[in-house]
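Architecture at a glance
The residues making up each chain are set out below.
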Amino acid sequence: MGDSPPSLHRPPPPSSPPAPPPYSPSGHHGRDVSLKIQTPLAVNKEEGNPQMAVRKFDRVYVRRCKKKTNSTNIESLPDELIFDILLHLSAQDIYDSAMFVCRKWYDMICTRTFVYGHLRSSTPGLAIQSFDDYNRALFMSIGRGGIEVSKFGCDFKWAFWSSCNGLVLQFRDTLDSDSCFVVNPITKRNFPLSVSLCPKVQLYRYSIAYAAASMVYKVVHTFPYEQEEDVEVQKCVILTVGVDKLWRSGCTEHLSPINRELLKEVPLTTEGFIHWTRPTGNHILTLNVETEVITEIPFPQGYGQRLFKYCLSTGSTLTFLTHGSGFSWEVWELKTENGLEWTMVNKIDLEAQKGKFVNLGCECPDEERPSAGPLILVPVGWLNDGEVLVLHVSDPTRVCILYNVRTRGIDFFELDDYCHNQLFEFHRNSLVSVDGC
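Below, the structure is looked at part by part. Per chain, residues are indexed from 1 in the order of the written sequence. Owing to the predicted nature of the model, reporting of local features is limited to residues with pLDDT of at least 70; listing and counting of side-chain atom pairs is limited to 80 or more, with chain, interface and lining totals taken over all residues. With hydrogens and water stripped out, all remaining heavy atoms of the structure feed into the side-chain values.

1. A word on the overall build of the chain
Labels follow the DSSP assignment, with helices taken as runs of H or I lasting at least four residues and strands as runs of E lasting at least two, numbered in each case from the N terminus. Each helix and strand counted, the chain has five helices and 28 strands in total. In the chain, buried positions account for 45% of the 437 residues. Contacts: residue pairs with any heavy atoms within 4.5 Å of one another. Counted over contacts in the chain with a minimum sequence separation of 6, partners at least 24 positions apart contribute 50%. Here the open area of atoms and residues is found with the Shrake-Rupley method and a 1.4 Å probe, where only the protein chains shown may cover a residue. Accessible surface, the chain: about 23500 Å² in total, of which carbon and sulfur atoms supply 52%. To sort residues, take the accessible area from a 1.4 Å probe on protein chains only and compare it with the maximum for the residue type: under 20% means buried, over 50% means exposed, and anything in between is partly exposed.

2. Comments concerning the sheet that holds strand β22 (residues 328-335)
Strands in a sheet are paired, the pairing made by backbone hydrogen bonds, and the direction either parallel or antiparallel. Read from one edge of the open sheet, four strands run β20-β21-β22-β23, paired in antiparallel fashion. Among the strands making up the open sheet, the edge pair consists of β20 (309-313) and β23 (341-349). Between one strand axis and the next, the sheet turns by 25 degrees as a mean value, whatever way the strands run. Two strands qualify as a pair provided that DSSP identifies no fewer than 2 bridges between them. Judged from the five bridges that link them, β20 and strand β21 (residues 318-325) form a sheet pairing that is antiparallel. By the bridge assignment, Y310 is partnered in β21 with L321. All axes here are fitted lines through C-alpha atoms, helices being fitted over the stretch that makes contact, and every angle between N-to-C directions spans 0 to 180 degrees.

3. Some points on the environment of D416
If you trace the backbone, D416 turns up in the loop between β27 (410-414) and β28 (422-427). Since its relative accessible area comes to 48%, D416 is described here as partly exposed. Counting along the chain gives 17 residues from D416 to V399, while the straight-line C-alpha distance between them is 9.0 Å. Each residue touching D416, except ones within four places of it in the same chain, is listed here: R136, R398 and Q422.

4. Some remarks on the pairing of strand β6 (residues 137-143)
Summarising burial for β6: five of the seven residues are buried, a large majority. Where strand β5 (residues 125-130) lies against β6, four bridges are found, and the strand directions are antiparallel. Considered in β6, the bridge of I128 is made with L138. Linking two consecutive strands that pair antiparallel, namely β5 and β6, is a turn of six residues.

5. Focus: unusual backbone geometry
Of note in the backbone geometry, K188 takes a positive phi value of approximately 65 degrees without being a glycine. Take K188: it is sitting in the loop between β10 (180-184) and β11 (189-192). What makes K188 partly exposed here is its relative accessible area of 43%. One non-glycine residue, R408, lies in positive phi territory at about 65 degrees. Its place among the elements puts R408 in the loop between β26 (399-404) and β27. Its relative accessible area of 63% is what places R408 among the exposed residues.

6. Notes on the side chain of E425
Locating E425 in the fold gives a position in strand β28. Beyond its immediate sequence surroundings of up to four residues, E425 is in contact with G125, L126, A127, F160, W161, S162 and S163.

Spelled out as structure tokens, the structure:
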């Protein structure tokens, strides 16, 4: 780790052969040169004479420039400008093509400075994965032309439950030694993690986050642990990827028993933090990845007991949305600059436009139908750092609704499976590697 350049494990492009010298008619210093071109036209078949008719000589003039013409190509551009141009390419295009253009580009792309510069300029989006087929995974983002949806080139054996800086954490509920690993879907590099600490318990939740000050990735694992007298408590262990050989225990004794139960929930990752939340309750749990301290954070006064609360990661911060009605919300954001406190940042009201959504539901088998109730909109994720909210109706539907909170524009996108049967996880494509950071 440290400041060593990340190894992308792709061979550098071969040295390019020298370019051929420009054409120059030898012995004719700046003078016009005539080239005689002889072109066959026809064969005289009537006379049986295979003799070929020959057209009069054409005179083609090649004039040599007396002064050398100035030409500009990308190789002549300053390194800083090439660096900035490459930052605007997608991670997939860089990994598949751009890094093989020449050795100069390859060396530039393989530096830590470029990898993390590209990460900061990449477009945040959502990874969408079907529970019925883990390989049916899509990446949704907002580009200059609108909604952009692409398939991952990586084969996913299992569900991914956590993403950080383009690295996806995958696991399955077995006791195999390789049942948990970190993978970059762009570079397809896997990094297996040890699960030997607790071989007799059922694996529960994993999450991954980046500690920026120490420049390391940490994986947090929570699971039920049975103490004496058949008392079960939630335990938390932490592994610094590429550094630790064994998991170490995280401190949870200071947590109240009711809030410690939040460690059963699916965690959410933001910059430097991991959060555990649930739709009901008065608190969330937040782990500072750098200090490894878990804090109990209450919801704003009067909001803890609201029935519909949705906590979502924008990538940089944690938000929670609470219903004013089935088609309106208040949006709160967890500020981390001066401690951890909630701030209301927006109000969304789509009541006047609910006619656009009532017919989005579709038929599905009874066993796949979610519990019946009034029609509401369900938020599932953010695009563009909290600029676009992704939702779907509570009835069975394949249609995602995209609402731009800045322009108040509404767009739609149809998936190939029911939305309630999909996993939505914040993600951004990158070139980051665990062992090269």
